[in-house]
Amino acid sequence: MVGTHVSSAVPNDLDVFAYVKIVFNLLLAGKANYAALRPPVWK
């Protein structure tokens, strides 16, 4: 999952480090809406 999200973050002009940090924090907090965590949604 992480590799796909990271490789999708780059073409969507996201800061990869910040994106991964936020996604991990949300997952650790119990957020399970994976569709909302996809890079194109964040763009």
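Below you will find a few notes about this structure. Chains are numbered independently. Their residues run from 1 in the order of the written sequence. Owing to the predicted nature of the model, reporting of local features is limited to residues with pLDDT of at least 70; listing and counting of side-chain atom pairs is limited to 80 or more, with chain, interface and lining totals taken over all residues. As a rule here, side-chain values come from all non-hydrogen atoms in the structure, and water together with hydrogens is ignored.

## Some details on helix α2 (residues 16–28)
Line of reasoning, step 1. By definition, any uninterrupted DSSP run of H or I lasting at least four residues is a helix, any uninterrupted run of E lasting at least two residues is a strand, and each is numbered from the N terminus. One less than the residue count of a helix, multiplied by 1.5 Å, gives the span that helix is expected to have. Here α2 is 13 residues long and its end C-alpha atoms lie 18 Å apart, about the 18 Å a rise of 1.5 Å per residue gives.
Line of reasoning, step 2. Two or three places before Phe-17, at the opening of α2, Asp-15 has a side-chain oxygen 3.3 Å from that residue's backbone nitrogen.
Line of reasoning, step 3. Of the residues flanking the end of α2, it is Gly-30, one or two places downstream, whose phi is positive at about 100°. In the analysis that follows, any N or O atom pair within 3.5 Å is treated as a polar contact, provided that within protein one partner can donate a hydrogen and the other can accept it, and provided that, for residues neighboring in sequence, both atoms belong to side chains.

## Observations regarding a nonpolar patch on the surface
Line of reasoning, step 1. On the surface, a nonpolar cluster with roughly 240 Å² of combined accessible area is contributed by Ile-22, Val-41 and Trp-42.
Line of reasoning, step 2. Along the chain, the position of Val-41 falls in helix α3 (residues 39–42). Patch construction takes residues with relative accessible area above 30% that form no salt bridge. Like charges are linked within 9 Å, and nonpolar side chains (Val, Leu, Ile, Met, Phe, Trp, Tyr) are linked within 5 Å. Surface accessibility follows the Shrake-Rupley procedure with a 1.4 Å probe radius. Residue values consider only the protein chains on display as shielding. For salt bridges, the criterion is a side-chain nitrogen of Lys or Arg within 4 Å of an Asp or Glu carboxyl oxygen.

Interpretation in functional terms is not warranted from these geometric data alone.
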